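Structural overview
Spelled out from the first residue to the last, the chains are:
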Amino acid sequence: MEKWAGKVAVVTGASGGIGAGICKELVRAGMIVCGFSRRVDQVEALRAELTDASGQLNAVECDLRSEQSVMYAYNWIINTYGGVDLLINNAGVLTKQLLLDSNNTKELSKIFETSLIGICLCTKFALKSMTSRNVEGYVVNINSIFGHTLNVSVPGLKPLNGSFAVAKFGVFALSEYLKQELRYLNLNIKLSSISPGLTETDFLAQPSEFSGNKIVEYMPKLKPKDVADALMYIITRPKHLQIDDITIKPMGEFI
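These numbers come from a predicted model, not from an experiment.

Parameters at a glance
Residues numbered from 1 in each chain as written. Predicted model: local features only at pLDDT ≥ 70, side-chain atom pairs only at ≥ 80, totals over all residues. Heavy atoms only, no water. 1 Å grid on protein atoms, 1.4 Å probe; cavity = no way out; pocket = protein on both sides within 12 Å on 5 of 7 lines; lining within 4 Å. Points joined across faces, edges and corners; volume = space filled by probe spheres on them. Helix = DSSP H or I, 4+ residues; strand = E, 2+ residues; numbered from the N terminus. Phe/Tyr/Trp six-rings, centres within 6.5 Å; stacked < 30°, edge-to-face > 60°. Buried < 20%, exposed > 50% of the residue type's maximum accessible area, 1.4 Å probe, protein only. Lys NZ or Arg CZ within 6 Å of the ring centre and 35° of its normal. Pairing = 2+ DSSP bridges. Salt bridge = Lys/Arg side-chain N within 4 Å of Asp/Glu carboxyl O.

This brings us to empty space enclosed by the protein. Per the counting criterion, the structure on display carries two cavities of 30 Å³ or more. Volume-wise, the second largest cavity comes out at about 30 Å³. Lining the second largest cavity are Asn 143, His 148, Phe 172, Ser 175, Glu 176, Lys 179, Ser 193, Asp 244 and Asp 245. The greatest single-element share of the lining of the second largest cavity, amounting to four residues, is contributed by helix α5 (residues 162-184).

Structure below.
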């Protein structure tokens, strides 16, 4: 991680779960981390835990569904630190509604705008910063095993995946397409994805499509640090090597 020490990272969805776990590891590795979240108080609480780390964590208020909010957050980073070197697109949204439920348009918009448009906005502004300074930047999208496969629902029981899987399948397609644009534009920037299995996050504690599902309750789960460790592995590979996607699961997972 020596090459990343002192460099600037953006982590979206930094207030808890995988995002918080990634922030911790990057700060401990000496990076200047800007944690994007609408819940900046939770990022501030996380920063208080990292006062002895060699890097630093900044709580940056940002709503990924608003281009103006994303632009303001990046402008703050550029004015404060000069630019961005590493982007971790982690933010996502769950819902307890079915796709075919009535009066769910606003909920669906929030999910897809956060997971897909948010990635496009953050990546666009990050690439602009990286290319303007001619740095060897890196973008990592946090996907999910649900972005590659749907588990079969039991007849009579509520389907498990829902809009979360639809959004994550979109993240998979978006990641593959963005690589094509990077090649077309001949940019010296890598893009990788991580697809974790079920992970112990605050998502699972919130009312969602996973709530009350006995399969989810008893299924083994990853720790956020497991995903953060996978990220650290990806960004420390040799210059000539790019990892497209890493899938990690807890032992015993059967999805």
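What follows picks up the thread again.
Our next topic: the packing of aromatic side chains. Tallied over the entire structure, the rule returns four aromatic pairs. Geometrically, the ring pair formed by Phe 36 and Tyr 74 is edge-to-face, given 5.6 Å between the ring centres and 85° between the ring planes. With Phe 36 in strand β2 (residues 32-37) and Tyr 74 in helix α3 (residues 67-81), the pair connects residues that are 38 residues apart, well separated along the chain. Accessibility assignment for this pair places Phe 36 and Tyr 74 in one class, buried. Seen in terms of ring centroids, Phe 146 and Phe 164 are 6.2 Å apart; in terms of plane orientation they differ by 85°. Their pairing is edge-to-face. On the criterion of sequence distance, the pair formed by Phe 146 in the loop between β5 (138-142) and α5 and Phe 164 in helix α5 is long-range, its members being 18 residues apart. Neither residue differs from the other here; Phe 146 and Phe 164 are each classed as buried. Counting every residue linked through ring pairs, the aromatic cluster contains Phe 36, Tyr 74 and Phe 125. The aromatic ring of Phe 125 is capped on one face by Lys 124, whose charged end is 5.7 Å from the ring centroid. The ring centre of Tyr 233 lies 3.9 Å from the NZ or CZ of Arg 237, which sits over that ring.

Burial analysis of strand β6 (residues 190-196) places seven of its seven residues in the buried class, which makes it a mostly covered element. For β5 and β6, the ladder comprises five bridges, and the chain directions are parallel. In the strand pairing of β6, Ile 142 is matched with Ile 194. Note: β6 against strand β7 (residues 245-248), four bridges, orientation parallel.

With that settled, the discussion passes to the pattern of salt bridges. Within this structure, the stated rule accounts for 12 salt bridges. A salt bridge links Lys 124 to Glu 67; its shortest N-O distance comes to 3.4 Å. A residue pair is termed long-range when its members are at least 10 positions apart, and Lys 124 in helix α4 (residues 105-132) and Glu 67 in helix α3 qualify at 57 residues. The class for Lys 124 is partly exposed, based on a relative accessible area of 45%. By relative accessible area, which is 42% here, Glu 67 ends up partly exposed. With a shortest N-O distance of 3.3 Å, Asp 244 and Lys 179 are connected by a salt bridge. One end of the pair, Asp 244, is in the loop between α7 (224-235) and β7; the other, Lys 179, is in helix α5, and 65 residues separate them in sequence. Accessibility expressed as a relative area gives 40% for Asp 244, which makes it partly exposed. You can call Lys 179 buried: its relative accessible area is 5%. Connected through salt bridges with shared partners, the residues Glu 176, Lys 179 and Asp 244 form a single ionic network.

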